[in-house]
Amino acid sequence: MSELQLLATSWGGCAFAVVLGLLWGSFANVCIYRWPPSEEHPKGRSVVKPDSHCFKCMTTIRWYDNVPVLSYLWLRGRCRNCKTEFSPRYVLVELVSGALFGCAWWFTLGTGGMFQTFDNRMLLFTIYAAFVWVMVVIAFIDIDHKLILNKVTYPSIVLAYGASLLLGRAWWEGLIGIVVGYGVPWLIGTIYLWIRKREGLGLGDGTLLALVGAILGWKGVVVSLFGGSMIGSVIGIAVLMRSKQDVMQSELPFGPFLATAAVFYLFAEPFLAVYFRLL
């Protein structure tokens, strides 16, 4: 076993994966903030220019004030220049990304993937990390704007289908997953619109499930839709009851629940396959 393999599969490799996740989480914050459309920027904004800056005083944030989590804690969540408070949500996105990258490490380079070759484990980690990062971006944009952007899902569907082939899936599995992923929400949304005369499940949810199906096949779509519904029912009803809103007239973004269930299935699929095969 080479030194690279020893390092990558050690707890040092796990720490590196978490730090990598924190850094990508910082970039996710930029995408979440800039990609959605606004009145001033109907097509969204570039994530490259301008540099990160305070939204109040427009002062450029230096690199040492942009270190994930640590800079927020050091500056107590404020701009160094004008002392404007920054939302703790930025830290939450970074921590979630770091935790998910850590999980991706465990399920591939850690104990969860120890029976595969090192090259395959590295490939799996790359794919898993990329998938969970996209789910984080989609989920938080949906929370903020009730939008799932085509500029995120469309290219991700193509890349996810390619990744499914690298994972060893048959060429038709991802294609069926895409059709089922988009078709089922479209059918549900059409029926709901016909009955209730209002939109219930947006086509953005369909493109998200198409992305899930592209990499995880139709089974991933079913688990994500069912699991997302269960999670959404529990959390949604609790939130709505606390806010004393009319449950039937309220709207909650469904994307975060679908993304949560999809990430669960991504990590759990190999173990579920073995478990049900043994039954």
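Since the model is a prediction, treat every value here as computed from it, not as a measurement.

Peer 1: Go over the overall build of the protein chain, please, and point to the residues and values.
Peer 2: Looking only at helices and strands, the protein chain features 9 helices and 0 strands. Expected size for 279 residues packed as a compact globule is a radius of gyration near 19 Å; at 20 Å, the protein chain falls within 12% of this value. Counting only C-alpha atoms and orienting by the principal axes, one finds that the protein chain spans roughly 60 × 60 × 35 Å. Counting over 279 residues, the protein chain shows a buried share of 42%. Accessible surface, the protein chain as shown: approximately 16300 Å² in total, 68% of it carbon and sulfur. Taken together, the 22 basic and 16 acidic charged side chains of the protein chain have centroids lying 4 Å from each other.

Peer 1: So, the side chain of Asn-29: which residues are in play, and what are the values?
Peer 2: Mapped onto the secondary structure, Asn-29 falls in helix H2 (residues 11-34). You can call Asn-29 buried: its relative accessible area is 7%. Residues in contact with Asn-29, not counting those within four places in the same chain, are Arg-89, Tyr-90, Val-93 and Glu-94.

Peer 1: An account of the environment of Pro-270 is needed here, citing residue identities and associated values.
Peer 2: Among the secondary structure elements, Pro-270 is positioned in helix H9 (residues 255-278). A sequence separation of 136 residues divides Pro-270 from Val-134, and the C-alpha atoms of the two residues are 21 Å apart.

Peer 1: I'd like to hear about the nonpolar core, residue by residue, with values.
Peer 2: By size, the foremost hydrophobic cluster in this structure holds 55 residues, and its most contacted members are Phe-125, Phe-131, Met-135, Ile-138, Leu-211 and Phe-267. Broken down by secondary-structure element, the contributors of at least two residues to this core are H2, helix H4 (89-108), helix H5 (118-145), helix H6 (150-166), helix H8 (203-243) and H9. Considering each element in turn, this core owes the most residues, 17 residues, to H5. What Phe-267 contacts, discounting residues up to four positions off in sequence, is Leu-100, Cys-103, Ala-104, Phe-107, Tyr-128 and Val-132.

Peer 1: For H5, give the residues involved together with the corresponding values.
Peer 2: Between its terminal C-alpha atoms H5 stretches 41 Å, which fits the 40 Å expected from 28 residues at 1.5 Å a residue. The first or second residue beyond H5 is Lys-146, which carries a positive phi of 55 degrees.

Peer 1: Describe in detail the packing of aromatic side chains, supporting the description with residues and values.
Peer 2: By the definition in use, this model includes 12 aromatic pairs. Taking the centre distance of 5.6 Å and the plane angle of 75 degrees together, the rings of Trp-24 and Trp-133 count as edge-to-face. Here Trp-24 is found in helix H2, whereas its partner Trp-133 is found in helix H5, with 109 residues between them in sequence. Judged by relative accessible area, which is 39%, Trp-24 ranks as partly exposed. Note on Trp-133: relative accessible area 13%, which makes it buried. When the ring of Phe-254 is compared with that of Phe-257, the centres are 6.5 Å apart and the planes differ by 55 degrees; the resulting orientation is tilted. Take Phe-257: its relative accessible area is 13%, and that puts it in the buried class. Taken together through their ring pairs, the aromatic side chains of Trp-106, Phe-107, Tyr-128, Phe-267 and Phe-271 make up a single cluster.

The rules behind each value
Residues numbered from 1 in each chain as written. Predicted model: local features only at pLDDT ≥ 70, side-chain atom pairs only at ≥ 80, totals over all residues. Heavy atoms only, no water. Helix = DSSP H or I, 4+ residues; strand = E, 2+ residues; numbered from the N terminus. Rg over C-alpha atoms; globule rule 2.2 N^0.38 Å. Buried < 20%, exposed > 50% of the residue type's maximum accessible area, 1.4 Å probe, protein only. Areas by Shrake-Rupley, 256 points an atom, 1.4 Å probe, with all protein chains shown as cover. Lys, Arg positive; Asp, Glu negative; His and termini not counted. Charge placed at Lys NZ, Arg CZ, Asp CG, Glu CD. Contact = heavy atoms within 4.5 Å. Core = buried A, V, L, I, M, F, W, Y, C linked by side-chain atoms within 4.5 Å. Expected span 1.5 Å × (residues − 1). Phe/Tyr/Trp six-rings, centres within 6.5 Å; stacked < 30°, edge-to-face > 60°.

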